[in-house]
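Remarks on the overall topology
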Amino acid sequence: MTHWDDLRRHQAGIRDRAILSLFDDPARASGFAAETDGMLLDYSKTNIDAKARDLLIALAKGAGVADRRAAMFSGAKINETEGRAVLHTALRNLDTPVIVDGRDVLPEVRATLARMEAFARDLREGRLRGQGGAITDVVNIGIGGSDLGPAMACLALSPYADGPRTHFVSNVDGAQVHDVLAGLNPETTLAIVASKTFTTIETMTNAETVRKWMGETVRTPTAQFAAVSSALDKTEGYGIPATRVFGFEDWVGGRYSMWGPVGLALMIAIGPERFRDFLRGGAAMDRHFRDAPLAENLPVMLALVGIWHNQICGFATRAVLPYDQRLSRLPAYLQQLEMESNGKRVAMDGRDLTEQSGPVVWGEPGTNGQHAFYQLIHQGTRVIPCEFLLAVTGHEPELAHQHRLLAANCLAQSEALMRGRSLDEARAIMAAKGLTGAELDRQARHRVFPGNRPSTTLVYPRLDPFVLGQIIALYEHRVFVEGVILGINSFDQWGVELGKELALALEPVLKGESDGAGKDASTLRLVRRLRGEDGASGR
């Protein structure tokens, strides 16, 4: 009998138990929560009881989470398919030596951070200028981890943004770069090209478009370019001097890279000291993750709740619902972080997984979602665990009444998901409206909420740089713990490769330079339609 078997047997015995009944224990709310540095994770509105938690912790221990955690922080090459260490944590831990291949990597991390800070200060204070004067706008050109993180963080920390305006271009669809550039002055715009290899097709295509746009006005466009890349030969060939190139090692994965040079646009927006506060928040969560007992450890417990809901209960999706408009890009960021990391089908040893891998992650900010997809969450046939995020206070004291309304809605949603509304309660409501007989019963049934739908709530003081660092590191470590328990490598992403290869092969077919030999009939018909060769009338 395995830990998985024990968990499934226990879950089968409590499957129909009402979550609300667990609150007959007056200590339920305080006993099924974890806290650190002012951040509270409440998972009491789930069907996890003391036995389930013990079994989940036993599962984590049996999977070797503690040993794997120690290996990651020590610089061991836990990304085994690529033979790499996993040390994004070193970018925010600037005190303790970290040895990789016999070398302490922190001096170089500190040196790169110092170069970033000097560059950001020169830009923010007007010493580094464009052809038309001080830089007013920064366009970050990247995709995936080189875009989702800084784009999300710049929006999240907009109350602290007192530097040049930041804009983000990622999609190879020319509509995005066109619309971003439309409102900018090329003489006062800086472009940051973020691509570790300086070969990412979407990024380099957009970079060339920006360079051409800038070159129509600016004498030397690349004088207003910087790069986040480790390919110094390519950046030099592009015309970007080494003094404006910021690289990072192969032990920093793209979706974990915002703590270093990929965060340059964020540093320019909020300033170096606030960026260090962001790093301090991440480092504080690292210390908590390393030191706190498993049952009191926020990343561990968030991961175990996820394992319970997905692998044990069979709930295939997870809704991330920030009641904080400035975190509106967090669900998209977490889609990459979680689904690219744990969307695997084989274990470390190459064998097929015996458990389901990571869930589908999606969401939108509240209260907007309440007027959209919450209908399905409350009354649909599938159970969707929800993760709410909420600040104690907002940044607008004059609008404190709106924040109270926001908080009331957040708490009401988690309560409604758990409590539901019975048929008898719905009948009483309809009877009070004067309905009787069959019509009363019919109308009542439409107003039944099954309830017993689980959620967690993460509460933090206010969304500032330190807290954002905590939140991002919390989710990073949650992904790591779930990956260890599933026995997979959370730090490679081979699933993105095949589509890239096929796209490169299809471009010449679309241009008419290749006949597409070997392609399937569906793809070739679509190619003919896109080339206007199948007789379809255009508009």
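Residues numbered from 1 in each chain as written. Predicted model: local features only at pLDDT ≥ 70, side-chain atom pairs only at ≥ 80, totals over all residues. Heavy atoms only, no water.

In this section: the nonpolar core. By size, the foremost hydrophobic cluster in this structure holds 114 residues, and its most contacted members are W251, L468 and I471. The residues touching L468, leaving out its near neighbours within four places in the chain, are M152, A153, A156, L157, F278, L327 and L463. (Core = buried A, V, L, I, M, F, W, Y, C linked by side-chain atoms within 4.5 Å. Buried < 20%, exposed > 50% of the residue type's maximum accessible area, 1.4 Å probe, protein only. Contact = heavy atoms within 4.5 Å.)

All right, on to the sheet that holds strand 15 (residues 455–460) then. The six strands are arranged 1-2-15-14-12-13 in an open sheet whose pairing can be described as mixed. Each of the sheet's edge strands pairs with one partner strand only, and the pair in question is strand 1 (33–36) and strand 13 (360–362). Across the sheet, the axes of successive neighbouring strands diverge by a mean angle of 15 degrees, strand direction being ignored. Taken together, the three bridges between strand 2 (residues 39–42) and strand 15 define a ladder with antiparallel strand orientation. (Pairing = 2+ DSSP bridges. Helix = DSSP H or I, 4+ residues; strand = E, 2+ residues; numbered from the N terminus. Axes fitted to C-alpha atoms, helices over the stretch in contact; angles between N-to-C directions.)

This paragraph deals with the sheet that holds strand 7 (residues 137–141). Whether parallel or antiparallel, the strands of a sheet pair through hydrogen bonds between backbone atoms. Pairing within the open sheet is parallel, and its five strands lie in the order 8-7-9-10-11. Bordering the open sheet on either side are strand 8 (165–169) and strand 11 (245–246), each of which pairs with just one other strand. Pairing of strand 7 with strand 8 involves five bridges; the strand directions are parallel. Considered in strand 8, the bridge of I141 is made with V169.

To continue, consider the environment of G282. Examined against the element boundaries, G282 turns out to sit in helix 11 (residues 272–291). A relative accessible area of 0% means that G282 is categorised as buried. Remark: the alpha-carbon pair of G282 and A153, spanning 129 residues in sequence, is separated by 13 Å. Residues contacting G282, with those up to four places away along its chain left out, are R92, W259, G469, Q470 and A473.

Here the amide bond leading from G366 into T367 is cis, since omega sits at 10 degrees, within 30 degrees of zero. Residue D101 is not a glycine yet carries a positive backbone phi of 55 degrees. With respect to the secondary-structure elements, D101 resides in the loop between strand 3 (99–100) and strand 4 (103–104). In the Ramachandran plot, N452 falls in the positive-phi region, its phi being about 60 degrees despite a non-glycine side chain. When you line up the elements, N452 lands in the loop between helix 17 (437–446) and strand 15. For N452, a relative accessible area of 26% corresponds to the partly exposed category.

On to the pattern of salt bridges. By the definition in use, this model includes 36 salt bridges. Notably, a salt bridge pairs D162 with R274, separated by 3.1 Å at the nearest N-O pair. Placement of D162 in the loop between helix 6 (148–156) and strand 8 and of R274 in helix 11 is noted, with a sequence separation of 112 residues between them. One salt bridge connects E208 with R211, and the closest N-O pair in it is separated by 2.8 Å. Of the two residues, E208 and R211 are both situated in helix 8 (residues 201–215); the distance of three residues between them amounts to about one turn of the helix. Owing to a relative accessible area of 35%, E208 belongs among the partly exposed residues under this scheme. Assessed through its relative accessible area of 24%, R211 is described here as partly exposed. Connected through shared salt-bridge partners, R318, E338, E387, R478 and E482 make up one network. (Salt bridge = Lys/Arg side-chain N within 4 Å of Asp/Glu carboxyl O.)

Fair warning: the whole summary comes from geometry, so function is off the table for now.
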